[in-house]
Amino acid sequence: MDFNMKKLASDAGIFFTRAVQFTEEKFGQAEKTELDAHFENLLARADSTKNWTEKILRQTEVLLQPNPSARVEEFLYEKLDRKVPSRVTNGELLAQYMSEAANELGPETPYGKTLIKVGETEKRLGAAERDFIHSASINFLTPLRNFLEGDWRTISKERRILQNRRLDLDACKARLKKAKAAEAKAACEGDAVPDFQETRPRNYILSASASALWSDEVDKVNHLRCLQEFVESQATYYAQCYRHMLDLQKQLGSTQGVIFPGTFVGNTEPASSPLSSASLATAAATIPVMPTVAGMPSAGEAAISLDDVALPASGTRKARVLYDYEAADSSELALLADELITVYSLPGMDPDWLIGERGNRKGKVPVTYLELLS
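With an unreviewed UniProt entry as reference, the protein chain is termed Endophilin-B2, source organism Sarcophilus harrisii. Here is the UniProt Subunit (unreviewed entry) comment for the protein chain, exactly as written: "Homodimer, and heterodimer with SH3GLB1." The heading Sequence similarities (unreviewed entry) in the UniProt record of the protein chain holds the text "Belongs to the endophilin family."

This is the structure we're talking about:
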């Protein structure tokens, strides 16, 4: 019991001494041991890393789950160490509604058939979104949380130890300075020199081990690697979305002549045909490029002589250009966003391309850059 009381009294005395030293330093009444400049810079970098990691983490959580109520629910499940229940994505829910609407309105009607096709694509988009969220959570959010909840706590603990040791050192130096001043004053006045117990600053290692630890902890999480994996996951997700939407566009294009007979002459190649590498490459300005499909001819390989092509008497259509497009060679027509051109198809053409005419100029144009007008 006595030992515990003495320890409490000792701890209270140390705390009071540190508080006095800290307060006097703030008011400029006590000297403060300055740390190494490199070490101070390391502290600033650690604080900056922690602050930006928190901001990036919060905003990424908003990106992956825009619903704040759902984020709170996931946070509570995580703190309770329970598995978060599976949640239907917006794309999957939209696919469900479209499927139910098609069944009620008539799955054999043109509108019902289109609803079913679009719903299937939305379901694939929802599954791709689910995979992206899962991958980003594991490869990006989890390492950032581990840094804030594990590594940063270790850094903060070491920083508090260092601060306390620095305060103890400066308090000892202040007491030693006062003792020497009193000793000198007594000697000048001829009084008996009081028998001061020699007070020497104890040996404190202020920065060596802590500096090495903090530098290692800040860099160990490897934020760069986590960020690269997040970018890879996001690129894969958008590439999958682009592929699904391009497949849907082909499916809808193959049935366009049936739904709107006589309005457009187009290639009715089956929707399941593989994607050509050239059609994906032309969309690189706005949409992620998918890997090249081996063995498929590119649009440039089509043996079409544009000089010999005459404007057909029927089957032409107006189209609005969605994005700027720079012609890759003389067989293509450069496009400017929002301009109107005349387009038509020729037998044997790649379904991802049309012949476009503007004035007396003509050339191949990518379908993905156009909005076909009725």
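Novice: So what exactly am I meant to see when it comes to the overall build of the protein chain here?
Specialist: Of regular secondary structure, the protein chain possesses nine helices and five strands. For the protein chain, the proportion of its 374 residues judged to be buried stands at 32%. Within the protein chain, contacts between residues separated by at least 24 positions form 69% of all contacts whose residues are at least 6 apart in sequence. As presented, the protein chain carries roughly 23,400 Å² of accessible surface, and 56% of it is formed by carbon and sulfur atoms.

Novice: Explanation requested: helix α5 (residues 110-188) in the structure shown.
Specialist: Each turn of an α-helix holds 3.6 residues, which means side chains three or four residues apart point in the same direction. Taking 1.5 Å of rise per residue, the 79 residues of α5 would be expected to cover 117 Å, and the 111 Å separating its terminal C-alpha atoms lies within 8% of that figure. At S137, α5 shows its strongest bend, of approximately 40 degrees.

Novice: I keep staring at the confidence of the model for the protein chain and nothing clicks. Help me out?
Specialist: Detailed reading of the predicted model is not advised wherever pLDDT is low. Mean pLDDT over the protein chain works out to 76, with 72% of the residues at or above the 70 mark. For the stretch residues 196-210, pLDDT sits under 50, and the model shows 22 contacts to residues farther than four places along the chain or on other chains. In this model, residues 257-304 is a region of pLDDT below 50 whose contacts with residues beyond four sequence positions or in other chains number 76 contacts.

Novice: When you look at the layout of surface pockets in this model, what are you seeing that I'm missing?
Specialist: Vacant regions in the atomic arrangement are exposed by a probe of water-molecule size rolled over the atoms. Its boundaries defined by the atoms lining it, the largest pocket holds a volume of some 1,300 Å³. Along the walls of the largest pocket sit 37 residues, with E74, V84, I133, S137 and R145 positioned nearest its centre. Within the residue set of the lining of the largest pocket, elements represented by two or more residues are α2 (37-64), α3 (68-79), α4 (90-105) and α5. Among the elements that take part in the lining of the largest pocket, α5 stands out by supplying 12 residues, more than any other.

Novice: Whenever I open this one, the pattern of salt bridges confuses me. Can you help?
Specialist: Under the counting rule described, the total for this entry stands at 11 salt bridges. We note a salt bridge from K50 to E54, for which the minimum N-O separation is 3.3 Å. Note that K50 and E54 are positioned in helix α2 at a spacing of four residues, about one turn of the helix. According to the relative accessible area criterion, E54 is partly exposed, its value standing at 24%. For the salt bridge of R320 with E371, the shortest nitrogen-to-oxygen distance reads 3.6 Å. In this pair, R320 sits in strand β1 (residues 317-321) while E371 sits in strand β5 (residues 370-372), placing the two residues 51 residues apart along the sequence. Residue R320 is classed as partly exposed on the basis of its relative accessible area of 31%. For E371, a relative accessible area of 35% corresponds to the partly exposed category.

Novice: What's the story with the packing of aromatic side chains in this structure? I'm lost.
Specialist: Each aromatic ring pair is described using two quantities: the centre-to-centre distance and the angle formed by the ring planes. For the structure shown, the criterion picks out seven aromatic pairs. Taken together, a centroid distance of 6.2 Å and an interplanar angle of 40 degrees make the contact between F132 and F230 tilted. Taken as a pair, F132 in helix α5 and F230 in helix α7 (residues 223-254) lie far apart in primary sequence, 98 residues in all. Overall, the relative accessible area of 9% leaves F230 in the buried class. Plain terms: the ring middles of F147 and W152 are 6.4 Å apart, the flat faces sit at 50 degrees to each other, and that makes the pair tilted.

Novice: Got a minute to help me understand the environment of I116 in this structure?
Specialist: Inspection of the secondary structure puts I116 in helix α5. Look at I116 and you get partly exposed, because its relative accessible area is 29%. Those residues in contact with I116, other than ones at most four positions away along the chain, are A102 and P107.

Novice: I would appreciate a short explanation of the side chain of E122 in the present structure.
Specialist: Examined against the element boundaries, E122 turns out to sit in helix α5. Buried within the structure, E122 lacks any salt-bridge partner; its nearest side chain of opposite charge belongs to R124, at an N-O separation of 10.0 Å. Excluding anything up to four places from it in sequence, E122 contacts G91, E92, L94, A95 and M98.

Novice: I tried to follow the pairing of strand β3 (residues 353-358) on my own but got confused; where do I start?
Specialist: Successive residues of a regular strand alternate their side chains across the two faces of the sheet. Burial within β3 is extensive, with five of its six residues counted as buried. With three bridges connecting them, strand β2 (residues 340-344) and β3 associate as antiparallel partners. Residue pairing across strands places T342 opposite E357, the latter belonging to β3. Two strands pair when backbone bridges link them, and β3 and strand β4 (residues 361-366) are joined in this way by six bridges, in the antiparallel orientation. Directly across from R358, in β4, lies its bridge partner R361. Turn length for the β3-β4 hairpin, with the two strands adjacent in sequence and antiparallel, is two residues, and the turn residue G359 shows positive phi of about 70 degrees.

Novice: Sorry if this is basic, but what is going on with a nonpolar patch on the surface here?
Specialist: A surface patch of nonpolar side chains, about 290 Å² in accessible area, is lined by V72, F75 and L76. Positionally, V72 belongs in helix α3.

Novice: How should I be thinking about the side chain of S233 in this particular structure?
Specialist: Mapped onto the fold, S233 is located in helix α7. Not counting the four nearest positions on each side in its chain, S233 is found in contact with F132, S135 and N139.

Novice: Help me understand the environment of M98 in this model?
Specialist: Here M98 shows up in helix α4. The exposure class assigned to M98 is buried, which follows from its relative accessible area of 17%. Among residues more than four places away in sequence, those in contact with M98 are L115, V118, G119 and E122.

Quick notes on the rules
Residues numbered from 1 in each chain as written. Predicted model: local features only at pLDDT ≥ 70, side-chain atom pairs only at ≥ 80, totals over all residues. Heavy atoms only, no water. UniProt positions renumbered as here; feature names shortened; annotations may be inferred. Helix = DSSP H or I, 4+ residues; strand = E, 2+ residues; numbered from the N terminus. Buried < 20%, exposed > 50% of the residue type's maximum accessible area, 1.4 Å probe, protein only. Contact = heavy atoms within 4.5 Å. Areas by Shrake-Rupley, 256 points an atom, 1.4 Å probe, with all protein chains shown as cover. Expected span 1.5 Å × (residues − 1). Bend = angle between axes of the 7 residues up to and from the residue. pLDDT = per-residue confidence, 0-100. 1 Å grid on protein atoms, 1.4 Å probe; cavity = no way out; pocket = protein on both sides within 12 Å on 5 of 7 lines; lining within 4 Å. Points joined across faces, edges and corners; volume = space filled by probe spheres on them. Salt bridge = Lys/Arg side-chain N within 4 Å of Asp/Glu carboxyl O. Phe/Tyr/Trp six-rings, centres within 6.5 Å; stacked < 30°, edge-to-face > 60°. Lys, Arg positive; Asp, Glu negative; His and termini not counted. Pairing = 2+ DSSP bridges. Patch = residues over 30% accessible without salt bridge, like charges linked within 9 Å, V, L, I, M, F, W, Y side chains within 5 Å.

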